[in-house]
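Here is how the chains run, residue by residue.
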Amino acid sequence: MSGQRRVGRWRSLFALTLLLSAPCAWPAKPVDPLRSPAWDAMVARHLDGGAVVFDERVIVRMPDSAEDALSVPVEVRVEGIDEVQEIRLIADLNPIPLILSYVPTRAAPAISFRFKVEQSTPVRAAARTPDGVWHVGGAWLSAAGGGCTAPSYGTGGGMWRDQLNQVSGALWPRDDGHSRLKLRVMHPMDTGLASGIPVFHIESLQVLDAKGRELARVLTYEPVSENPVLSLDLEGKGPVRIVGRDIQGNRIDAQVAP
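Fair warning: this is a prediction, and the values are worked out from it, not measured in the lab. Counting restarts for each chain, with residues numbered from 1 along the sequence as it is written. Per-residue local features of the predicted model are confined to residues with pLDDT of at least 70, and side-chain atom pairs are confined, for both listing and counting, to 80 or more; whole-chain, interface and lining totals are unaffected and use all residues. Note that the side-chain values use all heavy atoms of the structure and ignore hydrogens as well as water.

1. Some thoughts on the pairing of strand β5 (residues 98–103)
Each residue's exposure class comes from its accessible area (1.4 Å probe, protein chains only) as a fraction of the maximum for that residue type: buried when under 20%, exposed when over 50%, partly exposed otherwise. The way it works is that DSSP assigns letters per residue, a run of H or I at least four long becomes a helix, a run of E at least two long becomes a strand, and they are numbered from the N terminus. Where burial is concerned, most of β5 is hidden: six out of the six residues are buried. Hairpin connection between strand β4 (residues 86–91) and β5: a loop of six residues separates the two successive antiparallel strands. With four bridges connecting them, β5 and strand β12 (residues 214–220) associate as antiparallel partners. Of the residues in β12, the one forming a bridge with Ser101 is Leu219. Whether two strands pair comes down to DSSP finding at least two bridges between them.

Printed below as a string of structure tokens:
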């Protein structure tokens, strides 16, 4: 190899090394404002490894500390972001981090409910837009723990057996043309982490209008509290139908009228 060719080769290698080592060569990952040691794993596992933007328009409201680890109230609301396709709720340090997935097909991108927590943890809401980006908001929750590994009250007493998957609810028309739906489904929502009690939870709930069109869809996982109570803001003012099932195939089917 001639000297001139060797010099050209080394110059090319040197330029490539500078390109790979330059600080701006690759897009920087956003720094987690909650400094969670598990956040990268949460993105890979529960956000499909997608692009993430921390966004103050994704609002998570809950107590600073959990008075009852079996029933922590949380409200999630997305404001000023168009076309939210899905909202996922995640507790980074829970033994089962994924809490709930909400698809607001014809509903406001907002939901409130209660969940179980095992220890202090960041709680996130991730809202996906059509470009595939997850807009993430969240807060730290302080908790003494034990919510995910404790048996439900219903399982201990056996009372849920006569009321399994029964739905009660109310629908209030609003001045803006929407309706506020609040519903409760009787179910033990066992996590499978309590000794001798297998996992048993509601898998999906779908809200339909009078013509059978989907207004909203909720996928619920083990950390959702026993006898889930959900509040949603739906388009329209008419009666709705609630259909769903639990992981054992038991059906849920009920009507809720204004």
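After that view of the structure, there is still more to cover.
2. Side note on the packing of aromatic side chains
Planes of paired rings set the category: under 30 degrees apart is stacked, over 60 is edge-to-face and the rest tilted, where pairs are Phe, Tyr or Trp rings (Trp by its six-membered ring) whose centres lie within 6.5 Å. Counted by the stated rule, this structure contains one aromatic pair. Centre to centre, the rings of Trp39 and Phe54 are 5.8 Å apart; their planes meet at 45 degrees, and the pair counts as tilted. With Trp39 in helix α2 (residues 39–46) and Phe54 in strand β1 (residues 52–54), this residue pair connects regions lying 15 residues apart in the sequence. Here Trp39 falls in the buried class, since its relative accessible area comes to 4%. Any Lys NZ or Arg CZ that is within 6 Å of a ring centre and within 35 degrees of that ring's normal is treated as a charge sitting over the ring. The positively charged end of Arg124 is found above the aromatic ring belonging to Trp39, 4.1 Å away from the centroid.

3. A short note on the sheet that holds strand β2 (residues 58–61)
Sheet architecture is open: six strands sit in the order β2-β3-β6-β13-β10-β9, paired in antiparallel fashion. Looking at strand neighbours, the two that pair on one side only are β2 and β9 (167–173), the edges of this open sheet. In this sheet, adjacent strand axes meet at a mean angle of 15 degrees when their direction is disregarded. What counts as an axis is a line fitted to C-alpha atoms, over the stretch in contact for a helix, and the angles between N-to-C directions run from 0 to 180 degrees.

4. Quick look at the nonpolar core
Residues belong to a common nonpolar core when they are buried Ala, Val, Leu, Ile, Met, Phe, Trp, Tyr or Cys residues joined through side-chain atoms within 4.5 Å. Residues Leu100, Leu181 and Leu234 are the most contacted members of the largest nonpolar core, which totals 46 residues. Only heavy atoms matter for contacts: two residues are in contact if any of them lie within 4.5 Å across the pair. With residues up to four places along the chain from it excluded, the contact list for Leu181 reads Ala170, Leu171, Val207, Leu230, Ser231, Leu232, Leu234, Val240, Ile242 and Val256. Counting 11 residues, the second-largest nonpolar core is a separate cluster that includes Met42, Ile90, Leu98 and Trp134.

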